[in-house]
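Descriptive structure summary
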Amino acid sequence: MFLLNKEKLIKYWKETKLIEDKRLIKAFRSILRENFVLPEYISEAYADYPLPIPGGQTISQPTTVMIMIEALELKETDKVLEIGAGSGWCAALIAYIVKKGFVYTVEIIEKLANFAKSNIKNTGLKNIKVIHGDGSCGYPKAAPYDKIIITAACPTIPQPLIAQLKEGGIIVAPVGGYYIQKMIKARKIKGKLIEENLGDFRFVPLKGVFGFHRN
Ligand code: SAM
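Attention here is on the structure that accompanies the text. Within any chain, residue numbers begin from 1 and follow the written order of that chain's sequence. Per-residue local features are limited, in this predicted model, to residues with pLDDT of at least 70; the limit for side-chain atom pairs, both in listing and counting, is 80 or more; totals at the level of whole chains, interfaces and linings are taken over all residues. Excluded from the side-chain calculations are hydrogens and water; all other atoms, namely the structure's heavy atoms, are used.

Quick notes on the side chain of Gln164
The line we're drawing: Strands here mean DSSP runs of E at least two residues long; helices mean DSSP runs of H or I at least four residues long; both are numbered from the N terminus. N or O atoms closer than or at 3.5 Å make up a polar contact, with two conditions inside protein: a donor-capable atom paired with an acceptor-capable one, and, for residues adjacent in sequence, both atoms drawn from side chains. Note on contacts: a residue pair qualifies if any of its non-hydrogen atoms lie within 4.5 Å across the two residues.
Tracing the backbone through its elements, the reader meets Gln164 in the loop between α6 (159-163) and β7 (165-176). A polar atom in the side chain of Gln164 sits 2.8 Å from the backbone nitrogen of Tyr139. In contact with Gln164, other than residues within four places in its own chain, are Leu81, Cys137, Gly138, Tyr139, Pro140, Ala143, Pro144, Tyr145 and Ile148.

Description of the sheet that holds strand β6 (residues 145-150)
For clarity, the threshold we go by: The pairing criterion for strands is at least two bridges between them, as found by DSSP. Axis definition: a line fitted to C-alpha atoms, limited for helices to the stretch in contact. Angles are taken between N-to-C directions and run from 0 to 180 degrees.
Taken in spatial order, the 7 strands of this open sheet run β5-β4-β3-β6-β7-β8-β9, and their pairing is mixed. Of all strands in the sheet, those bounded by a partner on one side alone are β5 (128-132) and β9 (192-201). Here the strands of the sheet are splayed against their neighbours by 15° on average, with no regard to which way each runs. Examined bridge by bridge, strand β3 (residues 79-83) and strand β4 (residues 102-107) share 5 bridges and lie parallel to one another. Opposite Leu81, over in β4, you have Tyr104 as the bridge partner. On top of the sheet, helix α3 (residues 62-71) reaches β6, β7, β8 (181-189) and β9; it is set at about 155° to β7, its chief contact. Of the strands in this sheet, β3, β4, β5 and β6 are in contact with helix α4 (residues 89-97), which crosses β4 at around 170°.

Quick word on the pairing of β9
Summarising the sheet, β8 and β9 pair through 8 bridges and their orientation is antiparallel. Counterpart to Lys182 in the pairing with β9 is Asp200. Counting the residues in the hairpin turn of β8 and β9 gives 2 residues, including Lys190, whose phi is positive at 50°.

Some points on helix α2 (residues 22-30)
Just so we agree on the cut-off: To sort residues, take the accessible area from a 1.4 Å probe on protein chains only and compare it with the maximum for the residue type: under 20% means buried, over 50% means exposed, and anything in between is partly exposed. What the arc covers is the set of directions going from the helix axis to the C-beta atoms.
Among all positions in α2, only Leu24, Ile25, Ala27 and Phe28 are buried. All buried residues of α2 fall inside an arc of 160° around its axis, so they share one side.

Structural notes on the site of the ligand
Short version of the rule: Any residue with a heavy atom positioned within 4 Å of a molecule or strand is treated as near that molecule or strand. Methods summary: accessible areas were calculated by the Shrake-Rupley approach with a probe of 1.4 Å, and residue burial reflects only the protein chains presented. Following the grouping adopted for this structure description, the nonpolar residues are Ala, Val, Leu, Ile, Met, Phe, Trp, Tyr, Cys and Pro, the charged ones are Asp, Glu, Lys and Arg, and the polar ones are all others, Gly among them.
Close contacts around the ligand come from 28 residues, with Ser87, Glu107, Asp134, Gly135 and Lys207 the closest. Contact between the ligand and Ser87: an oxygen atom at 2.6 Å from a side-chain N or O atom of the residue. Residue Asp134 places a side-chain N or O atom 2.8 Å away from a nitrogen atom belonging to the ligand. With the chains in place, 99% of the 600 Å² that the ligand exposes on its own is no longer accessible. When grouped by side-chain class, the residues that make up the shell around the ligand number 13 nonpolar, 11 polar and 4 charged.

Some words on the pattern of salt bridges
For the record, the criterion: Think of a salt bridge as a Lys or Arg side-chain nitrogen and an Asp or Glu carboxyl oxygen that are within 4 Å of each other.
Tallied over the full model, the rule gives 9 salt bridges. Close ionic contact of Arg29 with Glu7 constitutes a salt bridge, the shortest N to O distance being 2.7 Å. One end of the pair, Arg29, is in helix α2; the other, Glu7, is in helix α1 (residues 2-16), and 22 residues separate them in sequence. Taking relative accessible area as the criterion, Arg29 reaches 36% and is therefore assigned partly exposed. Here Lys166 and Asp146 are joined by a salt bridge, their closest N and O atoms 3.0 Å apart. Of this pair, Lys166 sits in strand β7 while Asp146 is found in strand β6, placing the two residues 20 residues apart along the sequence. Exposure remark for Asp146: the relative accessible area of 17% places this residue in the buried category. In the salt-bridge network here, residues are joined through shared partners; they are Glu73, Lys185 and Arg187.

The following block contains the structure:
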C-alpha cells in the first residue's frame, strides 16, 4: 500500500507541475523514506504529512521537502548546508543530487543527530556530514556554501547564515511567526538577500542563538 502512495505522490507532482526537476524525482525514488521514519510509522512513510521523530520533532511532509530542494536549484558540485538534520532524509536527498559536492547538516538535539547519522549510514552516501550543534549560527568551519536550507521556522534569516552563503548563492527557509511562516527563497546579490515568497508553510521552531528560544 505505501509503495502505491509513493507512486501517487510522484504522479501528483508531475500532474500539478509542482516538481519538475527529474533528478529530484529520481532521488525520491532512490532514497527510501521508510528508512528515515520510526518503525511504527513505516506504513505512513509516503503519506503527504509530517511524521513524529525522536525529541518531539518531525520529518517534514514529502511535498514540502521537494519544493524546498527544487528551490535550491542544485548543481552536482554544490556545497550545501542544512540546518535541522532531523531524520537525515532531506540531507540524503540533497546529497544524492550533489554527487560531486557535499552536504553538511547541523542538528541541535544530540539524539536526533545520532538518528540522522545512522539513517544516512544505511544509504551508503559518503558525501554528508552530520554535526551536533546550534545551526542557527551556521557551520563556519566549512563555509562558504553554494546553498543553504533551513528546515525549522526562523524569526528572520540568521545573519551568520547570510555571511556563510557565497555571493550568488541561494538560501531557502521558512521565515515569520512561531506558528505560520512564509517560505523564502533568497539569492545573495552584492552581499544582500533578494527574496521571493514561495507561500505559507508551518514548521517546528528554530532554537538556538538566532532562533525563537535557546533550547
Ligand atoms: N530536515 C529534517 C528531515 O529531513 O527529517 C526535518 C527537520 S525538522 C522539521 C526541524 C529540525 O530542526 C528538528 O530536528 C530540530 O531539532 C532542528 N533544529 C531546531 N533548531 C535547530 C538549531 N538551532 N540547529 C540545528 N537544528 C535545529
